[in-house]
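Chain by chain, the residues run as shown.
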Amino acid sequence: MAEKNLAAVGAETGAETRTSGAQAELESQVQELKAEIARLTETVSAIGTGAKAVVQGEAELMTQRVRERVREEPISTLLTVAGVAFLFGLFARR
């Protein structure tokens, strides 16, 4: 009977050791996931910053081109704007 009790206690100790090992492994994986999430956040932030800079540059370039076009051909530009406004007015009625 004592041998059975001793074997049961030994089995419980082994189970606790395995549980502690599994818990340590899970904690290690959680830390790795947190580090990976932090790296991904930094990457997404850098991509967003780069995209913002590109869009601002393109907007400035388009603005400059429109200004040059208005200076070179004011009547043509005015007629184009009037035509677009007219079309928007037609579509807005429907």
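Residues numbered from 1 in each chain as written. Predicted model: local features only at pLDDT ≥ 70, side-chain atom pairs only at ≥ 80, totals over all residues. Heavy atoms only, no water.

(A) Molecular detail of the overall build of the protein. Regarding its fold elements, the protein presents two helices and zero strands. For the protein, the proportion of its 94 residues judged to be buried stands at 1%. A total of about 8,600 Å² of accessible surface is found on the protein, and carbon and sulfur atoms cover 64% of it. (Helix = DSSP H or I, 4+ residues; strand = E, 2+ residues; numbered from the N terminus. Buried < 20%, exposed > 50% of the residue type's maximum accessible area, 1.4 Å probe, protein only. Areas by Shrake-Rupley, 256 points an atom, 1.4 Å probe, with all protein chains shown as cover.)

(B) How the structure looks around the pattern of salt bridges. If you walk through the whole model with that rule in mind, you get two salt bridges. Note that E36 is salt-bridged to R39, the shortest N-O span being 2.3 Å. In this pair, E36 and R39 both sit in helix α1 (residues 2–72), three residues apart, roughly one turn of the helix. The exposure class assigned to E36 is partly exposed, which follows from its relative accessible area of 34%. (Salt bridge = Lys/Arg side-chain N within 4 Å of Asp/Glu carboxyl O.)

(C) Spotlight on a nonpolar patch on the surface. Taken together, F86, L87, L90 and F91 make up a surface patch of nonpolar side chains, about 430 Å² in accessible area. With respect to the helices and strands, the residue F91 is situated in helix α2 (residues 74–93). In this structure F91 comes out as exposed when scored by relative accessible area, which is 58%. (Patch = residues over 30% accessible without salt bridge, like charges linked within 9 Å, V, L, I, M, F, W, Y side chains within 5 Å.)

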